[in-house]
Amino acid sequence: MADKVVLHYFDGRGKMESIRWLLTVAGVEFDEVHLSTHEQYETLLRDGALMFQQVPMVEMDGMKLVQTRAILNYIAEKYSLHGKDVKERAKINMYSEGLRDLMEMMMMLPFTPPADVKAKLENIQTKAAERYLPVYEKALTGATYLVGGALSCADVELLECSLMLEERVPEILTQFPNVKAFQSRMSRIPAIERFLQPGSKRKPQPDENYVKTVMEVFKVKLPLTK
Ligand code: GSN
């Protein structure tokens with residue numbers, strides 16, 4: 001029997017959260033090793049476990065997978081959440097990348113100096129409402145899922161991203177009824193319903209403690225290297 005999947009990351013959302021979502025929807029159980037000290041990070045580096053000295057890292061099928069997109073693509077392909085042909089996959093990837101761009105902007109917020117947070121949040125709100133959400137609203141007109149009438153990783157990411165947006169801007173979906181209806185449909189998928197309940201492996205919004213831990217693990221080297 002294959003070994004259990006193990007996620008190596010902080011006890012928080014960050015880049016790992018989409019991987020938690022996708023594994024959950026794929027019905028894959030996983031364990032987590034939470035990084036909370038620099039020593040743990042050094043041990044992973046010494047063991048050669050991190051190809052680019054970065055997390056997320058996922059132990060799966062005898063591999064130590066890194067690079068968030070590569071990990072998501074592997075899971076999506078393995079569990080038939082990546083379209084039925086190369087053209088569908090291209091569309092799914094385009095939708096996914098848009099969502100990643102938006103989620104990465106939100107991920108940066110807790111690491112943003114307090115004086116800059118308001119402007120950053122306004123920028124996210126504007127981009128979400130004018131650039132990103134209209135695309136998903138249109139794709140979901142008369143459609144259950146974003147691509148090919150079947151559930152894909154892009155759908156899972158849209159649910160994650162839209163819930164994340166609502167945490168910051170509660171009324172953001174008012175102008176996007178298709179996305180709102182999609183959220184309710186997706187939330188009724190049993191694995192997702194369970195994941196949305198308290199006590200699941202879904203992580204809460206990042207707080208000061210999370211930011212402090214990330215800074216400690218990397219010894220103040222800013223985690224987001226872009
Ligand atoms: O998407 C990816 O997995 C990579 N392209 C980037 C991963 C990354 O930036 N990881 C950070 C921590 S998670 N925060 O974003 C990291 O390991 N930073 C340490 C470093 O030396 O870059």
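Rules used in this analysis
- Residues numbered from 1 in each chain as written.
- Predicted model: local features only at pLDDT ≥ 70, side-chain atom pairs only at ≥ 80, totals over all residues.
- Heavy atoms only, no water.
- Pairing = 2+ DSSP bridges.
- Helix = DSSP H or I, 4+ residues; strand = E, 2+ residues; numbered from the N terminus.
- Axes fitted to C-alpha atoms, helices over the stretch in contact; angles between N-to-C directions.
- Contact = heavy atoms within 4.5 Å.
- Salt bridge = Lys/Arg side-chain N within 4 Å of Asp/Glu carboxyl O.
- Buried < 20%, exposed > 50% of the residue type's maximum accessible area, 1.4 Å probe, protein only.

Chemist: Teacher, can you tell me more about the sheet that holds strand β2 (residues 30–34) here?
Modeler: Backbone hydrogen bonds hold the strands of a sheet together, and the pairing may be parallel or antiparallel. Pairing in this open sheet of 4 strands is mixed, and the strands run β2-β1-β3-β4 from one edge to the other. Both outer strands of the open sheet, β2 and β4 (63–66), are each paired with one neighbouring strand and no more. Each strand of the sheet is rotated relative to its neighbour by a mean of 20 degrees, with strand direction disregarded. Here strand β1 (residues 5–9) runs beside β2; their pairing, made up of 5 bridges, is parallel. If you follow V6 over to β2, its bridge partner there is D31. The strands touched by helix α1 (residues 17–26) within the sheet are β1, β2 and β3 (57–60), with β1 carrying the most contacts at an inclination of about 165 degrees. Of the strands in this sheet, β3 and β4 touch helix α3 (residues 68–78), which is tilted by about 120 degrees from β4.

Chemist: Can you walk me through the pattern of salt bridges in this structure?
Modeler: Close approach of charged atoms allows side chains with opposite charge to pair. The final tally for this structure, using the stated rule, is 15 salt bridges. K4 is the partner of E29 in a salt bridge, and the nearest nitrogen-oxygen pair spans 3.7 Å. Taken together, the residues span a long stretch of sequence, with E29 in the loop between α1 and β2 and K4 in the segment before β1 at a distance of 25 residues. On the basis of relative accessible area, E29 is assigned to the exposed category, the value being 60%. Linking E32 and R20 is a salt bridge whose minimum nitrogen-to-oxygen distance equals 3.1 Å. Note that E32 is positioned in strand β2 and R20 in helix α1, a separation of 12 residues in sequence. Through salt bridges with shared partners, a single network forms among D11, E17, R20, E32 and K203.

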